[in-house]
Each structure stands twice: as C-alpha cells, then as structure tokens.
Amino acid sequence: MISTDRLILRRPRLEDFEPYQQMWLDPEILRHVAPGPFSGEQMWTRFLRQEGGWQFFGFGYFVIEEKSSGRFVGQMGFQELRREISPALTGTMETGWTIAPAAQGRGYASEAAQAAFGWAREHHAGRRVTAIVSPANVASIRIVEKLGMQLFAQTEYHDKPVMLFDRIL
C-alpha cells in the first residue's frame, strides 16, 4: 500500500470490480483507449489480469482510493501485456492510469503516478518503464512528461496513431 496526502494506492480486491466496471462504461474513459465499449466478459478479464501481473512479475495496477472518503477514484500502475506493437514493449513495465470521470480534474492522476513511480524505483530500480499515449490525450502527455518520460517512437496500435514514451527507473 502507498499513501499520499490525498490518496491510497493498493492492490485490487474483488469488491473493486463494480466501480472499476462503472468507470470503464463511460465513453469519455474509452475515447483514447479503445474503439468501443468492452463487454462484461472483457471487463472481468481485464480486471483479473491485474492480479496476474502482481503474481507473475511483482508489479501490477493499484486501485486509487480517495483517503477522505474511501471512494474508488481509478487505477494506476504497471503491466506486461506483450502487445503486438512495433517497436516492441515486451519486457518493460508499461505504465498507465485511468481516473473515474467524477474524480477527474483534481490532480489525482499526477499524484498517483508520482507515488507509483516512487514505489517502482524502490522495488524495480533500473527497469525500463514505457507508456502508450494517444496523440489526442493531452492530459496523459502532460503526466508522462512530469514523470520524466521521453518520446521514443510514434507508431500505430490497432490502426490508431500512438506515441511511445520511456524512461529508466
């Protein structure tokens, strides 16, 4: 568990699935990530793979919880997806975050990202971290830049343009 002034970052629990699913049903959340909504089965699989990352690689996604209310506000973390993308990201700690619409605009993504990167430096020093960002996702580009990540490629993923960023922890 990681604690910041306003947030708690912790491993997911089964009871997080409902707010996780609600977050991913929002079209604004999907706008930069997927061509359309995920089915219930796809969301369940995406949720379960988060624990798989922790079990197999020693890293995964954290649930972001608002300290003052205990409310689920999103997720932030690292994954190894073995995406079919060039250049390849296999073997890196691919980072990402999603903030529920009701919690956006409060700086939670930046606060959670800084905390998660601090944790990663402590537990995975020297590892390469990567991020895939849509060129239209200005908010996420600002976050990767705040994290000290550098653009290293522009390519396509699922027929959409993406920017690839990286840094060494």
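As shown above, the structure is provided for reference.
Residues numbered from 1 in each chain as written. Predicted model: local features only at pLDDT ≥ 70, side-chain atom pairs only at ≥ 80, totals over all residues. Heavy atoms only, no water.

**Some points on the pattern of salt bridges**
And step 1. In the structure shown here, the tally under the stated rule is 7 salt bridges.
And step 2. Shared partners join several salt bridges into a network, and the residues in it are Arg10, Asp16 and Glu65. (Salt bridge = Lys/Arg side-chain N within 4 Å of Asp/Glu carboxyl O.)

**Details of the environment of proline 19**
And step 1. Looking at the secondary structure, you find proline 19 in helix α1 (residues 17–25).
And step 2. A relative accessible area of 28% means that proline 19 is categorised as partly exposed.
And step 3. For the pair proline 19 and glycine 52, spaced 33 residues apart in sequence, the C-alpha separation works out to 20 Å. (Helix = DSSP H or I, 4+ residues; strand = E, 2+ residues; numbered from the N terminus. Buried < 20%, exposed > 50% of the residue type's maximum accessible area, 1.4 Å probe, protein only.)

**What about the pairing of strand β8 (residues 160–168)?**
And step 1. Relative to β8, strand β6 (residues 128–133) runs antiparallel, the two being bridged by 6 bridges. Bridge pairing in β8 places alanine 131 opposite phenylalanine 165.
And step 2. Taken together, the 7 bridges between strand β7 (residues 150–157) and β8 define a ladder with antiparallel strand orientation. Following the sheet pairing, threonine 155 is matched in β8 by valine 162. (Pairing = 2+ DSSP bridges.)

**Looking at the nonpolar core**
And step 1. Counting residues in each nonpolar core, the largest one holds 34 residues, and the members touching the most others are Leu9 and Phe78.
And step 2. Among the secondary structure elements, those contributing two or more residues to this core are β2 (7–10), β3 (61–66), β4 (72–79), β5 (93–99), α4 (108–123), β6, α5 (138–146) and β8.
And step 3. At 9 residues, the largest contribution of residues to this core is made by α4.
And step 4. Excluding residues within four positions of it along the chain, phenylalanine 78 makes contact with Phe59, Gly60, Tyr61, Met93, Glu94, Thr95, Ala116, Phe117, Trp119, Ala120 and Val129.
And step 5. In terms of nonpolar packing, the next biggest core, distinct from the first, is built from 13 residues, Trp24, Ala34, Met43 and Phe47 among them. (Core = buried A, V, L, I, M, F, W, Y, C linked by side-chain atoms within 4.5 Å. Contact = heavy atoms within 4.5 Å.)

**Brief notes about α4**
And step 1. Compared with the 22 Å implied by 1.5 Å per residue over 16 residues, the 22 Å span of α4 between its first and last C-alpha is a close match.
And step 2. Every buried residue of α4 is accounted for by Tyr108, Ala109, Ser110, Glu111, Ala112, Ala113, Ala115, Ala116, Phe117, Trp119 and Ala120. (Expected span 1.5 Å × (residues − 1).)

**Concerning the side chain of threonine 4**
And step 1. With respect to the helices and strands, the residue threonine 4 is situated in the loop between β1 (2–3) and β2.
And step 2. Overall, threonine 4 belongs to the buried group, its relative accessible area being 14%.
And step 3. Once you skip the residues sitting within four places of it in the chain, threonine 4 turns out to touch Lys67, Glu111 and Ala115.

**So, the pairing of β3**
Taken residue by residue, a regular strand's side chains alternate between the two faces of the sheet.
And step 1. Among the 6 residues of β3, 6 are classified as buried, and the element is accordingly described as predominantly covered.
And step 2. Neither face of β3 is open: one carries Tyr61, Val63 and Glu65, the other Phe62, Ile64 and Glu66, and all of them are buried.
And step 3. Sheet topology places β2 next to β3; 4 bridges connect them, and they run antiparallel. In the sheet register, leucine 7 faces β3, and the bridge partner there is glutamate 66.
And step 4. Where β3 meets β4, 5 bridges bridge the pair, whose relative direction is antiparallel. Among the inter-strand pairings, valine 63 is bridged to a residue of β4, identified as glutamine 75.
And step 5. If you look at the hairpin formed by β3 and β4, you'll find 5 residues sitting between the two strands, and glycine 70 has a positive phi there, around 75 degrees.

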